[in-house]
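# Inside the fold
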Amino acid sequence: MHFYSLLSSSILFVLLLCISDSESLKTLENLTVKCGESLTILCLYDEKYKSNRKYWCRGYLFSSCKIVASTNTSGRTSVTDHPTQNMFTVELKSLQDSDSGHYWCAVEIGGRGTPDDKDYLYLTVSADPAVSVINSTVSGQEGGSVSVQCLISAEYQNKQKNWCRFKDWTCFTVGRTTTSQNSAVLVTDYGKGSVRVEMRGLQKSDAGWYWFSAGDVGVTVHLTVTERPSKTAVATTLSSQETQESMTTPEETTCSGTEKPKESQQFCLSHN
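## A closer look at the overall build of the protein
- Helix and strand content of the protein: 2 helices and 19 strands.
- Taken over 272 residues, the protein has a buried fraction of 41%.
- Intrachain contacts of the protein at a sequence separation of at least 6 include 59% that bridge at least 24 residues.
- Surface accessibility of the protein: about 15,500 Å² in total, with carbon and sulfur atoms responsible for 50%.

Shown next as structure tokens:
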């Protein structure tokens, strides 16, 4: 009981820190990325905003912020709407120190005297970010596993670490949590600024966006789950490989490098 109470408290803690007060539009409040890299920001919106124009705005005050990009624009900054998921993404490429600052996810409401709906975000771009991941895009096969290596600066090593799913805002902290509908999640803190997130027994429903955070600073990660090949497909592939191997006549050479390569192609075949 103590474990589940602690887990619930951790989930509430990260939600209070990472999600703003907006009811119909929300994003993470504090993201960080390494200089020169790219980052995808997710903005979740209410069902009623499916057909509204979405945009990305920069500035401390929303009333005076400058629109950087809007729905279906392209360039270094692009905004893409995903109405079936009630979400739009903002992709930021080749980020520099000068890109650090206050931003807003916003939905155009229209109508005189009706303010647009929005949510606030602060982005930090630096050579040594507080939180980062080795790969922001990972993939795994259904039934298999996938891992994400997370790096944390010295300042945030003693902060609460969380791995969270955007789909339902479920968060996992250090230790294993297993549910009946999703894969087992193991968050391991190795100390010295290294944390490993492992998801085992992947299901198609696990695919989507996640974020890793230390304290109130986070970074986004996208997971793709591919279908497990059928037994028939595997058998066909193996049969094809065996046929090709049987038709190949090995050359009289070894891996010692004493034989001259044929037609200047440098390779060697082993003898079984």
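## A word on the pattern of salt bridges
- Evaluated as defined, the whole model comprises 8 salt bridges.
- Between R53 and E108 there is a salt bridge; the shortest N-O distance is 3.0 Å. Here E108 lies in the loop between strand 8 (101–107) and strand 9 (117–126) and R53 lies in the loop between strand 3 (39–45) and strand 4 (54–58), a separation of 55 residues in the sequence.
- Residue E108 is classed as partly exposed on the basis of its relative accessible area of 34%.
- The closest approach of N and O atoms between D168 and R165, which form a salt bridge, is 3.1 Å.
- Connected through salt bridges with shared partners, the residues R196, E198 and R200 form a single ionic network.

## Quick look at unusual backbone geometry
- Notably, N86 is not glycine yet its phi reads approximately 50 degrees, a positive angle.
- Of note, N86 is situated in the loop between strand 6 (77–82) and strand 7 (87–92).
- For W169, which is not glycine, the phi torsion reads 60 degrees and is therefore positive.
- Taking relative accessible area as the criterion, W169 reaches 12% and is therefore assigned buried.

## Concerning the packing of aromatic side chains
- The tally for this structure, following the rule as stated, stands at 8 aromatic pairs.
- Ring geometry for W169 and W211: centres 5.4 Å apart, planes at 65 degrees, overall edge-to-face. A residue pair is termed long-range when its members are at least 10 positions apart, and W169 in the loop between strand 13 (161–165) and strand 14 (170–172) and W211 in strand 18 (residues 208–214) qualify at 42 residues.

## Points about the state of the cysteines
- What the rule picks out here adds up to 3 disulfides.
- The disulfide that involves C43 links it to C105, with 1.9 Å between the sulfurs. Looking down the S-S bond of the C43 and C105 bridge, the torsion is -40 degrees, so its handedness is left-handed. Residue C43 is found in strand 3, and its partner C105 is found in strand 8; the two are separated by 62 residues along the sequence.
- For C43, a relative accessible area of 0% translates into the label buried.
- Sulfur-sulfur distance for the disulfide between C164 and C171 comes to 2.1 Å.

## So, the pairing of strand 6
- Examined bridge by bridge, strand 6 and strand 7 share 6 bridges and lie antiparallel to one another. When the sheet's bridge partners are listed, T77 is paired in strand 7 with L92.
- The loop that links strand 6 with its antiparallel partner strand 7 comprises 4 residues; one of these, N86, has a positive phi angle of about 50 degrees.

## What to know about the side chain of D119
- Within the fold, D119 resides in strand 9.
- In this structure D119 is buried but unpaired, with K26 as the nearest side chain of opposite charge at 8.5 Å.
- At a separation of 2.6 Å, a polar atom in the side chain of D119 contacts the main-chain amide nitrogen of T27.

## Points about the nonpolar core
- Counting 56 residues, the largest nonpolar core has I41, W56, F88, L123, W163 and F212 as the members making the most contacts within it.
- Per-element tally for this core: the top contributor is strand 3, with 6 residues.
- Setting aside residues no more than four positions away along its own chain, L123 makes contact with L31, V33, L39, L92, L95, D99, S100, G101 and Y103.

## Observations concerning the sheet that holds strand 7
- Read across the open sheet, the 4 strands follow the order 1-3-7-6; overall the sheet is antiparallel. The sheet terminates laterally at strand 1 (25–26) and strand 6, the two strands that pair on one side only.

## With respect to the confidence of the model for the protein
- Taken residue by residue, the protein gives an average pLDDT of 80. The fraction at 70 or more is 74%.
- Taken as a whole, residues 248–272 scores under 50 in pLDDT and shows 12 contacts with residues more than four places along the chain or in a different chain.

Conventions adopted
- Residues numbered from 1 in each chain as written.
- Predicted model: local features only at pLDDT ≥ 70, side-chain atom pairs only at ≥ 80, totals over all residues.
- Heavy atoms only, no water.
- Helix = DSSP H or I, 4+ residues; strand = E, 2+ residues; numbered from the N terminus.
- Buried < 20%, exposed > 50% of the residue type's maximum accessible area, 1.4 Å probe, protein only.
- Contact = heavy atoms within 4.5 Å.
- Areas by Shrake-Rupley, 256 points an atom, 1.4 Å probe, with all protein chains shown as cover.
- Salt bridge = Lys/Arg side-chain N within 4 Å of Asp/Glu carboxyl O.
- Phe/Tyr/Trp six-rings, centres within 6.5 Å; stacked < 30°, edge-to-face > 60°.
- Disulfide = S-S within 2.5 Å.
- Pairing = 2+ DSSP bridges.
- Lys, Arg positive; Asp, Glu negative; His and termini not counted.
- Polar contact = N/O pair within 3.5 Å; in protein donor to acceptor, adjacent residues only side chain to side chain.
- Core = buried A, V, L, I, M, F, W, Y, C linked by side-chain atoms within 4.5 Å.
- pLDDT = per-residue confidence, 0-100.

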